[in-house]
Amino acid sequence: MNIVLLGAPGAGKGTQAQKLVADYGVAHISTGDLLRAAVKAQSKLGKEAKGYMDAGQLVPDQLVIDLVKERLEEDDAKKGFILDGFPRNTDQAVALDGELEAMGVNLDAALLVDVASEVIISRLSSRRTCKDCGYTAPAGVDTCPRCGGEVYQRDDDKPETIARRLDTYKNQTEPLVEYYGGHGILKTVDGDRPVDEVYADVKTLLGL
């Protein structure tokens with residue numbers, strides 16, 4: 001099971017990925033996590049990435065692809081992988097296809113978790129986060145139920161910021177829906193339902 005996960009910020013991609021990882025033991029490869037881990041480990045690629053991040057610049061596509069390729073060569077990814085947050089645009093998708101082909105690996109599906117923009121804005125703007133442990137709670141909760149820390153609204157969970165993030169997604173990432181549709185591997189699930197209902201459909205779509 002080798003999957004690219006698509007969907008706007010707040011569509012619930014991460015939740016579905018976690019359930020697939022728990023049930024099937026595949027590797028969940030998030031580019032954000034990869035970059036943070038590489039920087040922390042001070043690897044060659046991590047040092048390169050840190051230079052761009054410290055300068056407030058986007059990490060170049062090729063560097064991200066090199067990190068993803070390195071991660072795909074680890075043992076747990078041999079059982080299957082879920083790419084989350086990569087590719088972000090069609091240039092990255094084309095480059096990824098080239099790398100996978102060189103490794104003798106095929107993508108089985110591009111899974112789109114589809115949720116309307118207005119639902120995402122409502123969903124994310126009602127989210128609160130613990131300053132200490134990162135726990136996510138609904139609006140109205142002032143104290144973290146897990147660690148007792150202070151709960152606040154992150155800047156990127158404010159409606160105006162979410163709208164900007166959705167615009168970026170629409171311009172850069174949405175063309176991937178057409179790209180993978182053209183390759184005949186796009187699967188779409190309605191993400192505006194309870195998590196378990198969505199997951200049941202995800203398993204059906206992936207033939208699990």
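The paragraphs below set out a description of the structure included in this document. As the structure is a prediction and not an experimental result, all values here were calculated from the model.

The rules behind each value
- Residues numbered from 1 in each chain as written.
- Predicted model: local features only at pLDDT ≥ 70, side-chain atom pairs only at ≥ 80, totals over all residues.
- Heavy atoms only, no water.
- Helix = DSSP H or I, 4+ residues; strand = E, 2+ residues; numbered from the N terminus.
- Rg over C-alpha atoms; globule rule 2.2 N^0.38 Å.
- Buried < 20%, exposed > 50% of the residue type's maximum accessible area, 1.4 Å probe, protein only.
- Contact = heavy atoms within 4.5 Å.
- Areas by Shrake-Rupley, 256 points an atom, 1.4 Å probe, with all protein chains shown as cover.
- Polar contact = N/O pair within 3.5 Å; in protein donor to acceptor, adjacent residues only side chain to side chain.

Some remarks on the overall build of the protein chain
- Per the secondary structure count, the protein chain includes 9 helices and 8 strands.
- Taken over the C-alpha trace, the protein chain has a radius of gyration of 18 Å; the compact-globule value for 208 residues is 17 Å, and the two agree within 12%.
- Each principal axis of the C-alpha distribution contributes one length, and for the protein chain these read about 50 × 40 × 35 Å.
- Relative to its full complement of 208 residues, the protein chain shows a buried share of 38%.
- Across the protein chain, every contact between residues at least 6 apart in sequence was considered, and the portion connecting residues at least 24 apart equals 68%.
- Roughly 11200 Å² of accessible area belongs to the protein chain as shown, and the carbon and sulfur atoms make up 47% of that amount.

Things to note about the side chain of Arg-71
- Looking at the secondary structure, you find Arg-71 in helix H4 (residues 61-72).
- The class for Arg-71 is buried, based on a relative accessible area of 14%.
- A distance of 2.8 Å separates polar atoms of two side chains, one belonging to Arg-71 and the other to Asp-76.

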